[in-house]
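What the coordinates show
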Amino acid sequence: MKNLFKIFVLGLFLNAIYFSKAHSQELLEILNQTDPEEEEEMIYPVYDYEHIPDFTYDQVKKKVRQMDTDMPFELNERIFSFIDYFTVRNRTYTKMVLERKDTYFPLFEEALARHNMPDDIKFLAIIESGLNPKARSRVGAMGLWQFMPATGRMFHMHATQDIDERMDPELSTEAAAKYLKSLHKMFGNWELALAAYNCGPGNVRKAIRKSGGKTTFWGVYDFLPKETRSYVPQFQAMMYVLRHADDHNLILEDAAFPIAFERIKFEKSMDLEQFADITGICIEDLDHLNPSILDRRIPESHKHFALKVPKAKAQFIAQNQDWISDSLNIPTARLVAIKEADYTPQSSLTNDRVAYRVKSGDALGKIAQNHGVTITNLKNWNNLSNNTIRIGQVLYIYPKGNTSFNRNLASSESPKSSSASNSFDAASKTYTVQPGDSLWLISRKLDGVTIDQIKKLNNLNNNSIKPGQKLIIG
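Since this is a predicted model, take the numbers as computed values, not measurements. (Residues numbered from 1 in each chain as written. Predicted model: local features only at pLDDT ≥ 70, side-chain atom pairs only at ≥ 80, totals over all residues. Heavy atoms only, no water.)

**Comments concerning the packing of aromatic side chains**
For clarity, the threshold we go by: Aromatic rings from Phe, Tyr and Trp, with only the six-membered ring used for Trp, were paired whenever their centres fell within 6.5 Å, and each pair was classed as stacked if the ring planes differed by under 30 degrees, edge-to-face if by over 60, and tilted otherwise. When accessible area is computed with a 1.4 Å probe and restricted to protein chains, residues below 20% of their type maximum are described as buried, those above 50% as exposed, and intermediate ones as partly exposed. Whether a charge sits over a ring depends on NZ of Lys or CZ of Arg being within 6 Å of the ring centre and within 35 degrees of the ring normal.
The tally for this structure, following the rule as stated, stands at 16 aromatic pairs. Aromatic pair Phe-266 and Phe-275: ring centres 5.4 Å apart, planes at 75°, arrangement edge-to-face. Since its relative accessible area comes to 7%, Phe-266 is described here as buried. Judged by its relative accessible area of 0%, Phe-275 falls in the buried class. Through a chain of ring-to-ring contacts, the aromatic side chains of Tyr-104, Phe-105, Phe-108, Phe-123 and Trp-145 assemble into a single cluster. A cation over a ring is seen here: Lys-308 above Phe-261, with NZ or CZ 4.7 Å from the ring centre. Over the ring of Phe-316 we find Lys-313, and its NZ or CZ is 5.6 Å from the ring centre.

Structure follows, in structure tokens:
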């Protein structure tokens, strides 16, 4: 009887387990049958806790003592509080300057070495501007080194509505090095020189007098303007922080690399947006490389300005400088039309010339074949000395059936005279501007006539011309 009872209880137990398992499986299946749209709309939290290492005053003091620097630096509570600020409370600012330092520090280091000055002075630009060449203070100081207009003029940096040379990294760095060097000579102490850079040498002299003749920053600290009392300790804190960024887990996830550049002079006024359209350069890159240009234009007064362009584009610009320089006078509406006319199938070509923008994989022979023209003519029409073309370059092509095309084909060895003949009126010595013409192209068509001569004969103040316009050429 006992055995039967045991079997009965065991059966109930096994049945309960089976039921529980089946029920759980059914519940799990129900939970998994979520509507797909609802599942897509669900927002899952993402936790990204950044580890901020702890550090003590003594640990920082030990690292400060091991620092190799030509600048005076003795840790105190004031400096320590700014180290805490840059490594704990405002890590975002520190990471921002870490991203920018590789762009500007090489420039600073070269200038400071040339002037035989301490390398660590480069950290001052972080306190001044956060390494932003377009930084502007509430009182009107500008640039990486925050020069006021009057001080800028002292160091030959001038500002107009178009260009502010205080925002030129090279000019302002050279000026800052010279100014700081003169302040060091004046006070014989780098800390006081930095203080004078912030509040002016007059205020530093006043603080020295009030302190009873003390000649150190901490000796005159209580008599300096409030802002200057924080200025030098912030600079010294940044000297430490950027040396030990890794120790404080200040590590960039995506490194920022400076844009390699070359300088090119066009000797003329220029609209940077128009230049970017013609050359295919990103306008933001031009802004970044040329921060002193305020309104994306180089005025006639600064036509000798050396424009920085990305190195990757420098060769293309150098090889096509005449064409680019002349094209800068094409009205914006025509530039847009040329930019959009990447390719027109041969079956739909009109009797006007075609503007073709070179694409990746293109070659001169391929383009000539696709349009049913010869390489020789293609080179003559575009003044090419060899078969080298660049992505983004615009080539002008005359389709077969066009009268100007046939004349050029028959006399490809002398493109100037042949292309000009159908728009030149010998009786009146005038030239009728054709679609796509520019003064440079017209001067190339007409032997012995220069752009300046055409402008003087027609009282032109600039190089803008329109199709149908009649120009006196003799």
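**Some remarks on the pattern of salt bridges**
The cut-off we apply is this: For this document, the term salt bridge refers to a Lys or Arg side-chain nitrogen within 4 Å of an Asp or Glu carboxyl oxygen. Only DSSP runs of H or I with at least four residues qualify as helices, and only runs of E with at least two residues qualify as strands; both kinds are numbered from the N terminus onward.
Enumeration according to the criterion identifies 17 salt bridges in this entry. Residue Arg-243 pairs with Asp-120 through a salt bridge whose shortest N-O separation is 2.9 Å. Note that Arg-243 is positioned in helix H12 (residues 226–243) and Asp-120 in the loop between helix H5 (91–114) and helix H6 (124–129), a separation of 123 residues in sequence. Take Asp-120: its relative accessible area is 5%, and that puts it in the buried class. Between Asp-164 and Arg-166 there is a salt bridge, with its nearest N and O atoms 2.8 Å apart. With respect to class, Asp-164 is no different from Arg-166; both count as buried. Among the charged side chains, a salt-bridge network with shared partners connects Glu-110, Arg-114, Glu-174 and Lys-178.

**As for the nonpolar core**
For clarity, the threshold we go by: The nonpolar core is taken to be a set of buried Ala, Val, Leu, Ile, Met, Phe, Trp, Tyr and Cys residues, with the residues joined through side-chain atoms within 4.5 Å. Pairs of residues are marked as contacts when any of their non-hydrogen atoms sit within 4.5 Å.
Grouped together as the largest cluster of nonpolar side chains are 63 residues, with contacts concentrated most on Ile-83, Ile-126, Trp-145, Tyr-197, Val-204 and Leu-242. The dominant element in this core, judged by the number of residues it contributes, is H12, at 9 residues. Non-local contacts of Val-204, meaning those with residues more than four positions away in its chain, are made with Phe-187, Leu-192, Ala-195, Ala-196, Cys-199 and Leu-224.

**Some details on the packing of H5 against helix H8 (residues 169–187)**
The following threshold applies: Here, axes are lines fitted to C-alpha atoms. For helices the fit covers the stretch in contact, and angles between N-to-C directions go from 0 to 180 degrees. Note on convention: the crossing is left-handed when the near helix lies turned anticlockwise from the far helix by less than a right angle, right-handed when the turn is clockwise. Any residue that is not Ala, Val, Leu, Ile, Met, Phe, Trp, Tyr, Cys, Pro, Asp, Glu, Lys or Arg is counted as polar, Gly included; the first ten are nonpolar and the last four charged.
Packing of H5 against H8 brings their axes to within 10 Å, and their N-to-C directions diverge by 40°. For H5 against H8, the interelement crossing comes out right-handed. Residues Tyr-104, Leu-107, Phe-108, Ala-111 and Arg-114 of H5 touch H8, and the partners they reach there are Pro-169, Glu-170, Thr-173 and Glu-174. Residue classes in the contact of H5 with H8 are distributed as 5 nonpolar, 1 polar and 3 charged.

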